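Next come the chains, spelled out residue by residue.
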Amino acid sequence: MKISMKPVRPCTAAPPPTTYVTFRRYTVNPPPPPPPPSTIHNKLATAAPPQRQWQSLSFDSAGGYSSHSAASTPARINKRWMEYQGSKNWEGLLDPLDDNLRSEIIRYGHFVDAAYRAFDFDPASPTYGRCRYPKSSLLHQSGFPETGYRLTKNLRATSGIQLPRWVEKAPSWVAAPSSWIGYVAVCQDKEEIARLGRRDVVVAYRGTATCLEWLENLRATLTGLPNADHESSVSGEPMVESGFLSLYTSGTEARPSLQSLVREEIKRLLQTYGDEPLSLTITGHSLGAALATLTAHDIKASFKHAPLVTVVSFGGPRVGNRSFRHHLEKQGTKVLRIVNSDDLITKVPGFVLNDDNDDYDTARNGYVEMASLSSWVQRRVEETQWAYAEVGRELRLSSRDSPYLAGINIATCHELKTYLHLVNGFGSSTRRFRAEF
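Enquirer: Would you mind going over the pattern of salt bridges with me for this structure?
Expert: If the charged atoms of two oppositely charged side chains come close together, the side chains can form a pair. Across all of its chains, the model carries 22 salt bridges by this definition. A salt bridge links Glu-104 to Arg-195, with the nearest nitrogen and oxygen atoms 3.5 Å apart. With Glu-104 in helix H3 (residues 99–118) and Arg-195 in helix H5 (residues 190–196), this pair connects stretches of sequence that are 91 residues apart. Overall, Arg-195 belongs to the buried group, its relative accessible area being 8%.

Here it is, written out as structure tokens:
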């Protein structure tokens, strides 16, 4: 295996498309480092129509996202909070997109953005791979001071890849086995708790940033989910992407696994706040979206009386097979995937076999209809380590619908900023971008 010796930048770029085969199988390759944020911002400004700027997600003086059409005061959702968390699978809220749900999606996107901003990406820095801010001020220093949430736990992910010994001679950032990947935060503000109708716990993950995280992304074959009950499953053994599972479960005595860190903190929070209305919201972008899905499944599997667990994912790759999806549904785990049709990362890894119960646009996404295959072929295909399934509900957006993103390249289509812009502007399937936006 050949390892690049160049510093790896955050997960803001997607790989070039590969040649399609019968089942539209894709291979993920690490993209080159993206240009600095200022360069991307200049491209966005250049691409915008002459009389209009990319006003939807410009940064205000406080460092947070501001919207031309956003309400100054967030709406109270206390009476319908379970619906917005997916208790009814977001029926009637996605098309057209409900404005309160829109605000909630963007709000959770801010937590992910804070994880990106707090991470030290500089390989020359002595704190590379760590969080740049203390827990007490992370959200404030990341540009989101008025969330009403307080950080309670920093989270680290450890790679399970064993590198050759010669790598020891390489710069330390090449083989850094563990890095800060996100945090747990709890809503503590009484007014925000009253607005939300419950106390909310957020687990937020950034996307790919280190060399070993990129190598884990390349381990795209499916592997069995440990300790999963698959005897009662009608679709066989639940399986997930090998690299994602490795980052979630790998650890040592000195570096506990991400799984153990999450379980420890969620157990403590359930003991502390279990007698009041509570929600667990797991959110992430790119690799973070995949880890969010694994985290949600693990929480529901580990805690019998866990409250409503919801995943809000941005630009996430596929995570597991059909049996894994059925496990999530049986648990009652709610997943809302925000997908940009122009983002290649959402189309990898592997291929998807679409059955009669799948609520997806087969032609648009290149899925293979199960009904068109013989039962023998279906079984053989599903036995491979490349047959994935989409999970949860999907909010499908497109960079092409925004009048501000004309000519944007592949890398920009995957950026979290682009996703939040598209969510803010999306109207419905018939009115793709709001005229007043």
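After that view, the rundown keeps rolling.
Enquirer: Hey, could you run me through unusual backbone geometry in this one?
Expert: Residues apart from glycine generally show negative phi values, whereas peptide bonds are mostly found in trans. Between Asp-95 and Pro-96 the backbone carries a cis peptide bond, its omega angle lying at 5°. The step from Val-348 to Pro-349 runs through a cis peptide bond, and the omega angle for that step is -5°. As for its position among the elements, Pro-349 is in the loop between strand S10 (334–340) and strand S11 (351–354). One non-glycine residue, Asn-89, lies in the positive phi region at around 60°. Within the element layout of this structure, Asn-89 appears in the loop between helix H2 (81–84) and H3. For Asn-89, a relative accessible area of 33% puts it in the partly exposed group. In the Ramachandran plot, Trp-90 falls in the positive-phi region, its phi being about 60° despite a non-glycine side chain. Following the sequence through the fold, Trp-90 ends up in the loop between H2 and H3. Judged by relative accessible area, which is 2%, Trp-90 ranks as buried.

Enquirer: Quick question: what am I supposed to make of the nonpolar core here?
Expert: The nonpolar side chains of a soluble globular protein tend to be buried with one another. Counting 50 residues, the largest nonpolar core has Leu-138, Tyr-183 and Ile-338 as its most contacted members. The biggest single contributor to this core is H3, with 10 residues. Tyr-205, Leu-225, Leu-287 and Leu-294 belong to the second-largest nonpolar core, a separate cluster that totals 41 residues.

About the thresholds
- Residues numbered from 1 in each chain as written.
- Predicted model: local features only at pLDDT ≥ 70, side-chain atom pairs only at ≥ 80, totals over all residues.
- Heavy atoms only, no water.
- Salt bridge = Lys/Arg side-chain N within 4 Å of Asp/Glu carboxyl O.
- Helix = DSSP H or I, 4+ residues; strand = E, 2+ residues; numbered from the N terminus.
- Buried < 20%, exposed > 50% of the residue type's maximum accessible area, 1.4 Å probe, protein only.
- Core = buried A, V, L, I, M, F, W, Y, C linked by side-chain atoms within 4.5 Å.

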